[in-house]
There are 2 protein chains.
Amino acid sequence: MPSKPINSDNWRAALGKNGFRVTTAQQTLIDIFAHSEYPLSAEQAWDVARQSRPKTGRATVYRMVEKLENLGLIRRVHGYQGCSHFVPTLPEQMMLFICMECGRADYLDRQPLDDLIEQSEHISGRQITESRLQLFGACADCKQDA
Amino acid sequence: MPSKPINSDNWRAALGKNGFRVTTAQQTLIDIFAHSEYPLSAEQAWDVARQSRPKTGRATVYRMVEKLENLGLIRRVHGYQGCSHFVPTLPEQMMLFICMECGRADYLDRQPLDDLIEQSEHISGRQITESRLQLFGACADCKQDA
DNA sequence: CATCTTATTGATACCAAGTATCAATAAGAT
DNA sequence: ATCTTATTGATACTTGGTATCAATAAGATG
């Protein structure tokens, strides 16, 4: 449930710019990932895809997931219900929150975390090239309902 | 490479206290996980185990990994080289750093992160029950060598 | 110490997620 | 309208992990 809805035209454009052909299989999958409120696995995306495009092959989905991840359009969610669910990447640097009640993904500003990491780099002499923070719990809505 | 070496006797004791029998297969695996400087997958641990105890079965390793994880003695590393490598859990709340040059695990105080999370909880109305931060990069030694 | 109970083990077969292959298809350049 | 070649879908395969079940061995008991 990204606060900014994803524009799947941009995704198509991104594929085009990178020399990929824009096929119907791709369009189907792009729309699925761009508009899902929930992290989706390749297998789940495959199921959804076949509802509107039954011939869609399994390998095609995995290939497309890889492509979208490499282009930075989707991003892997580790931990909650497996390590291979994907959510749209938002333009800004953000970190993920997954509500374990309703399953929806939400995004938080990660500037404070980046500050923290930079501090830690200075103190420790390490160089940190990748950081992965994911938060799990109950979103404001679900917390209320409980 | 936990700064505090793990005492595998404690792990044996923990198993005993929880009503598990202390078998030779368990001892082998405990020693492997407790003393490895690197995150180990079940498959890797199996390979190592069979060097000193060739009859060790695959399922046994997976069962033991699950047991150790449930008891909180080892902890899963998501992301670097797969999602199913394990490192010893240290007594304190710490977060993980993995050096992508030498592969060794190191631990950082996570108090600052917890403070950050608590702040975020207050502001957003969310309840955060689990947080997973892992940092990847070059440790001080490897950074020097580069 | 000998016996008994039962958790644990290892072998095997299995399952599911993901990958490699390759002939058929369809973008889209010409 | 044709041609080139990226992409596709079907299939077979690999790999990480699980279920089953008879055999083994902790360790409790007498």
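Structural notes, computed from the coordinates. Every value quoted in this text rests on a predicted model; they were computed, and no experiment measured them. (Residues numbered from 1 in each chain as written. Chains lettered and ligands numbered in written order. Predicted model: local features only at pLDDT ≥ 70, side-chain atom pairs only at ≥ 80, totals over all residues. Heavy atoms only, no water.)

Side note on the protein's contact with DNA strand D
The environment of DNA strand D is made up of 20 residues, and the closest members are T23(A), R53(A), T60(A), R63(A) and S84(B). The sugar-phosphate portion of DNA strand D accounts for 59% of its atoms within 4 Å of the protein, the bases making up the rest. Note that a phosphate oxygen of DNA strand D is positioned 3.1 Å from one of the backbone N or O atoms of R21(A). Take R53(A): an N or O atom from its side chain is 2.9 Å from a phosphate oxygen of DNA strand D. Counting only elements with at least two residues in the surface near DNA strand D, the list comes to α2 (24–35) and α4 (58–70) of chain A together with α4 (58–70) of chain B. Residue classes in the surface near DNA strand D are distributed as six nonpolar, six polar and eight charged. (Near = heavy atom within 4 Å. Polar contact = N/O pair within 3.5 Å; in protein donor to acceptor, adjacent residues only side chain to side chain. Helix = DSSP H or I, 4+ residues; strand = E, 2+ residues; numbered from the N terminus. Nonpolar A, V, L, I, M, F, W, Y, C, P; charged D, E, K, R; others polar.)

Considerations on helix α5 (residues 111–124) of chain B
The end-to-end C-alpha distance of α5(B) is 20 Å, a good match for the 20 Å that 14 residues give at a rise of 1.5 Å each. Within α5(B) the residues assigned to the buried category are L113(B), L116(B), I117(B) and S120(B). Projection of α5(B) onto a plane perpendicular to its axis shows the buried side chains occupying an angular sector of 95°, all on one side. The exposed set on the far side of α5(B), more than 90 degrees from its buried face, consists of Q119(B) and H122(B). Buried-residue contacts for α5(B) involve β5 (105–109), α5 (111–124) and β6 (127–138) of chain A together with β4 (94–99) and β6 (127–138) of chain B. Among the residues trailing α5(B), G125(B) stands out with phi positive, at a value near 80°. (Expected span 1.5 Å × (residues − 1). Buried < 20%, exposed > 50% of the residue type's maximum accessible area, 1.4 Å probe, protein only. Arc of directions from axis to C-beta. Contact = heavy atoms within 4.5 Å.)

Thoughts on the side chain of T56(B)
All names here are of chain B. One can find T56 in the loop between α3 (42–52) and α4. With relative accessibility at 4%, the residue T56 sits in the buried group. Within the structure, the side chain of T56 is placed 2.5 Å from the backbone oxygen of R53, a separation counted as a polar contact. Aside from chain neighbours lying at most four places away, what touches T56 is W46, A49, R50 and V61.

Brief notes about the relation of the copies chain B and chain A
Rotating chain B by 180° and moving it 0.0 Å along the rotation axis overlays it on chain A with an RMSD of 0.0 Å. Taken together, the rotation and translation relating the two chain copies correspond to the operation of a two-fold axis. Among all residues of chain B, the minimum C-alpha distance to the rotation axis is found for L133(B), at 2.1 Å. (Least-squares fit on C-alpha atoms with pLDDT ≥ 70 in both.)

Brief notes about the packing of aromatic side chains
Going through the model one piece at a time under the given rule, you end up with two aromatic pairs over all chains. When the centroid spacing of 6.1 Å and the interplanar angle of 45° are considered together, the rings of Y80(A) and F136(A) count as tilted. Of this pair, Y80(A) sits in the loop between β2 (74–79) and β3 (82–88) while F136(A) sits in strand β6, and the two are 56 residues apart along the sequence. Owing to a relative accessible area of 1%, F136(A) belongs among the buried residues under this scheme. R126(A) extends its terminal NZ or CZ atom over the ring of F97(B), reaching a point 5.0 Å from the ring centre. (Phe/Tyr/Trp six-rings, centres within 6.5 Å; stacked < 30°, edge-to-face > 60°. Lys NZ or Arg CZ within 6 Å of the ring centre and 35° of its normal.)

A look at the protein's contact with DNA strand C
The local shell around DNA strand C holds 20 residues, among which Y62(A), T23(B), R53(B), T60(B) and R63(B) are the closest. Among the atoms of DNA strand C close to the protein, meaning within 4 Å, 58% are from sugar or phosphate groups. A distance of 2.8 Å separates a phosphate oxygen of DNA strand C from a polar atom in the side chain of T60(B). Between DNA strand C and R63(B), the relevant distance is 2.8 Å, taken from a base nitrogen to a side-chain nitrogen or oxygen of the residue. When residues of the surface near DNA strand C are traced back to their parent elements, those giving at least two are α4 of chain A together with α2 (24–35) and α4 of chain B. Here the residues of the surface near DNA strand C sort into six nonpolar, six polar and eight charged.

Quick look at the packing of α5(A) against α5(B)
Packing of α5(A) against α5(B) brings their axes to within 11 Å, and their N-to-C directions diverge by 165°. Put simply, α5(A) runs roughly antiparallel to α5(B). Crossing of α5(A) against α5(B): the hand is right-handed. Residue-level inspection shows P112(A), L113(A) and L116(A) of α5(A) in contact with α5(B), the latter providing P112(B), L113(B) and L116(B). When grouped by side-chain class, the residues that make up the contact of α5(A) with α5(B) number six nonpolar, no polar and no charged. (Axes fitted to C-alpha atoms, helices over the stretch in contact; angles between N-to-C directions. Parallel < 35°, antiparallel > 145°, perpendicular 65-115°, else oblique. Left-handed = near helix turned anticlockwise from the far one by under 90°.)

Let's talk about the interface of chain B and chain A
On the chain A side, the residues contacting the 31 residues of chain B number 30 residues. Both sides together, the interface formed by chain B and chain A hides about 2,500 Å², and carbon and sulfur atoms give 61% of it. Among the residues chain B hides against chain A, the three largest losses belong to R126(B), R132(B) and F136(B). Together they make up 23% of the total. At the junction of chain B and chain A, the tally comes to two salt bridges. A salt bridge links R126(A) to D106(B); the nearest nitrogen and oxygen atoms lie 3.1 Å apart. Where chain B touches chain A, the interface holds twelve residue pairs in polar contact (both at pLDDT 80 or more). Looking at the side of chain B that touches chain A, the elements that each hand over two or more residues are β2 (74–79), β5 (105–109), α5, β6 and α6 (140–145) of chain B. Counting residues per element, the side of chain B that touches chain A draws most heavily on β6(B), which supplies twelve residues. For the side of chain B that touches chain A, the per-class residue count stands at 16 nonpolar, ten polar and five charged. (Buried area = accessible area lost by both parts, 1.4 Å probe. Salt bridge = Lys/Arg side-chain N within 4 Å of Asp/Glu carboxyl O.)

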